[in-house]
There are 2 protein chains.
Amino acid sequence: MKRIVSDRPDGEGPRYRARIPGVSPENSEVFREPHRIRGAEADGSGRLSPRAACELMQEAAARHASALGVGYDELVARGLAWVLVQWTLSVTRWPLWREDVLVETWPCDRTERTAARDFLLLDAAGGELARAESVWLILDLGKRRPVRLPEEVRTIRPPRGPLGSGTELARLFPPEPVEESLDLSVRWADLDLNGHVSNVAYVDWVLESVPRDLLRDGRLRSLALSFRSEARDGARVRVERGPDPGAPDGGPAFRHRVAEAGSARELLLARTAFVPAA
Amino acid sequence: MKRIVSDRPDGEGPRYRARIPGVSPENSEVFREPHRIRGAEADGSGRLSPRAACELMQEAAARHASALGVGYDELVARGLAWVLVQWTLSVTRWPLWREDVLVETWPCDRTERTAARDFLLLDAAGGELARAESVWLILDLGKRRPVRLPEEVRTIRPPRGPLGSGTELARLFPPEPVEESLDLSVRWADLDLNGHVSNVAYVDWVLESVPRDLLRDGRLRSLALSFRSEARDGARVRVERGPDPGAPDGGPAFRHRVAEAGSARELLLARTAFVPAA
């Protein structure tokens with residue numbers, strides 16, 4: 001009970017408080033949603049947890065897709081579903097418990113089978129807290145295979161360019177050598193509303209392989225996830241961690257690999273980079 | 001991807017949508033907060049997860065305590081903190097993903113060292129979804145011992161009577177015999193914003209010991225938790241489950257015990273009762 005979070009913003013309330021959540025009138029293709037960080041969304045550092053940050057953004061994506069007519073209901077009626085394949089999160093400052101934030105998201109680049117969507121997390125003054133880039137495909141639920149993006153998705157006009165450099169998302173590599181390895185069981189609590197392992201469960205698994213003092217006293221600066229295959233309920237998974245040599249600013253960075261413990265079937269590759277404790 | 005949740009309420013929006021979250025004008029001592037069930041709050045059954053239900057209610061409790069001047073900030077400034085000791089949740093119907101709900105909470109009975117707080121979870125038509133009763137004490141963070149409730153807490157007038165029978169919360173018993181036992185590690189993701197294991201992490205641990213088909217196809221009808229001691233970050237905990245003979249309506253019911261794996265130090269006793277699959 002020593003680490004007390006005291007520097008929370010407070011007072012008059014953020015300037016965007018009066019905005020209506022959802023699709024804003026000035027730009028129907030950018031979805032905006034204000035949110036106050038809840039107690040259960042903060043982690044052991046007193047700040048928004050990486051998992052909750054990803055949940056906030058993905059919730060906005062789901063709501064936006066529904067508003068654009070390509071949401072869960074529309075797709076599932078045709079035996080289709082959105083599947084996340086790549087996720088990159090970069091954080092400038094982690095918001096604190098009870099802080100007011102604004103989530104923005106919009107569709108951007110597309111290929112024949114993949115659709116990209118970008119995200120911004122802003123503070124009450126409009127300053128950038130975090131940004132994320134994501135790549136999705138649409139799965140035929142019967143055949144378990146990706147399909148060509150349907151007409152309704154291909155005709156959505158990207159309202160803004162991509163957040164990143166415009167090049168491909170960073171290629172991820174398995175850890176080599178493996179410094180740390182832990183086995184976890186897929187729990188009931190890891191499943192999402194379709195009975196599949198939730199995207200964000202992997203965030204917790206990957207972070208569990210990071211040295212604890214870095215989670216407690218440092219800050220996650222970036223997180224990249226590449227989803228390869230689906231973990232099964234009740235399975236044992238192995239989370240491996242090794243050093244990442246590519247961190248340009250010298251902060252601690254890691255490569256991670258999640259595989260089925262028995263079969264070594266690869267489920268996820270990830271990269272994390274941290275700002276060490278001051 | 002077979003279990004599709006289709007019976008979601010929709011349409012005009014709930015009648016309480018216009019209400020301001022927080023302390024309502026007609027009764028300043030009942031806190032109300034509307035909420036739409038988010039994707040990450042649904043579990044593998046497509047309904048609000050028990051963990052998220054407890055989080056929703058405890059978030060409202062924290063906000064209400066702050067509104068009443070006895071919240072986190074006021075207490076921690078004096079070296080004190082609220083600690084949950086007992087929690088009983090009874091569910092009539094689990095709300096679905098995207099359903100609009102209303103959380104209500106108010107303080108009720110008190111003893112010299114314990115304060116009770118009740119909760120209702122209502123659907124958009126005002127119908128009861130779930131109710132919860134809770135007992136809290138205030139801990140001296142330096143001495144790690146409960147204190148007599150401070151004046152500011154003792155002078156809060158309970159606006160409603162207790163939800164339950166008015167008698168003591170049900171006494172809980174350890175499982176005897178133990179039918180199922182699993183060992184879990186306390187993960188970084190289990191820690192709350194104070195760096196302690198979150199109350200709601202225990203909910204997931206207890207449910208993990210329940211037969212999976214009952215979680216998937218049945219419904220949790222009630223959950224009672226009695227917190228005994230604090231789990232430490234990184235510790236191994238053992239979750240034990242046994243039958244509960246006391247279920248009056250014959251549905252499956254279990255006793256649970258969570259203890260430190262090494263020392264057998266008891267951390268939690270729990271009871272769960274289920275409605276089996278129809």
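Residues numbered from 1 in each chain as written. Chains lettered and ligands numbered in written order. Predicted model: local features only at pLDDT ≥ 70, side-chain atom pairs only at ≥ 80, totals over all residues. Heavy atoms only, no water.

Caption draft 1: Quick peek at the interface of chain B and chain A. With 48 residues of chain B in contact, the opposing surface of chain A contributes 49 residues. In total, chain B and chain A occlude about 4400 Å² of area from one another, counting both sides; carbon and sulfur atoms represent 54% of this. Seen at the junction of chain B and chain A, the total is 4 salt bridges. With a closest N to O distance of 2.4 Å, Asp 233 of chain A and Arg 212 of chain B form a salt bridge. By residue number, the principal contributor to the side of chain B that touches chain A is helix α1 (residues 50–67) of chain B, which donates 5 residues. Taken together, the residues of the side of chain B that touches chain A break down into 18 nonpolar, 11 polar and 19 charged. (Contact = heavy atoms within 4.5 Å. Buried area = accessible area lost by both parts, 1.4 Å probe. Salt bridge = Lys/Arg side-chain N within 4 Å of Asp/Glu carboxyl O. Helix = DSSP H or I, 4+ residues; strand = E, 2+ residues; numbered from the N terminus. Nonpolar A, V, L, I, M, F, W, Y, C, P; charged D, E, K, R; others polar.)

Caption draft 2: Here's a closer look at the nonpolar core. Counting 106 residues, the largest nonpolar core has Leu 89 and Trp 205 of chain A together with Leu 89 and Trp 205 of chain B as the members making the most contacts within it. In this structure Trp 205 of chain B touches Arg 187 of chain A together with Leu 184, Val 186, Asp 190, Val 197, Ala 231, Val 237, Val 239 and Val 258 of chain B, once residues within four positions along its chain are discounted. (Core = buried A, V, L, I, M, F, W, Y, C linked by side-chain atoms within 4.5 Å. Buried < 20%, exposed > 50% of the residue type's maximum accessible area, 1.4 Å probe, protein only.)

Caption draft 3: Structural context of the relation of the copies chain B and chain A. Between chain B and chain A, the superposition needs a rotation of 180° and an axial shift of 0.0 Å, giving an RMSD of 0.0 Å. The two molecules are tied by a two-fold rotation axis, judged by turn and shift. Every residue of chain B has its C-alpha some distance from the rotation axis, and the shortest such distance is that of Leu 184 of chain B, at 4.4 Å. The overlap is high: 100% of the interface residues of chain B also sit at the interface in chain A, so the same surface is used on both sides. (Least-squares fit on C-alpha atoms with pLDDT ≥ 70 in both.)

Caption draft 4: Region of interest: unusual backbone geometry. Here the residue pair Glu 176 of chain A and Pro 177 of chain A is connected by a cis peptide bond, since its omega of 5° sits within 30 degrees of zero. The phi angle at Arg 98 of chain A is positive, at roughly 80°, despite the residue not being glycine. Among the secondary structure elements, Arg 98 of chain A is positioned in the loop between β3 (80–91) and β4 (100–110). With a phi angle near 65°, Ala 264 of chain B is a residue other than glycine that sits in the positive phi range. Along the chain, Ala 264 of chain B turns up in the loop between β11 (253–260) and β12 (266–275).

Caption draft 5: Seen up close, the pairing of strand β6 (residues 128–140) of chain A. Residue and element names in this part refer to chain A. By the criterion of burial, β6 is predominantly enclosed, with 11 of the 13 residues buried. Looking at chain direction, β3 and β6 are connected through 11 bridges and run antiparallel. In the sheet register, Leu 80 faces β6, and the bridge partner there is Asp 140. What sits between strand β5 (residues 115–123) and β6 in their antiparallel hairpin is a turn of 4 residues, with Gly 126 showing a positive phi close to 90°. (Pairing = 2+ DSSP bridges.)

Keep in mind these numbers describe shape, not what the thing actually does.
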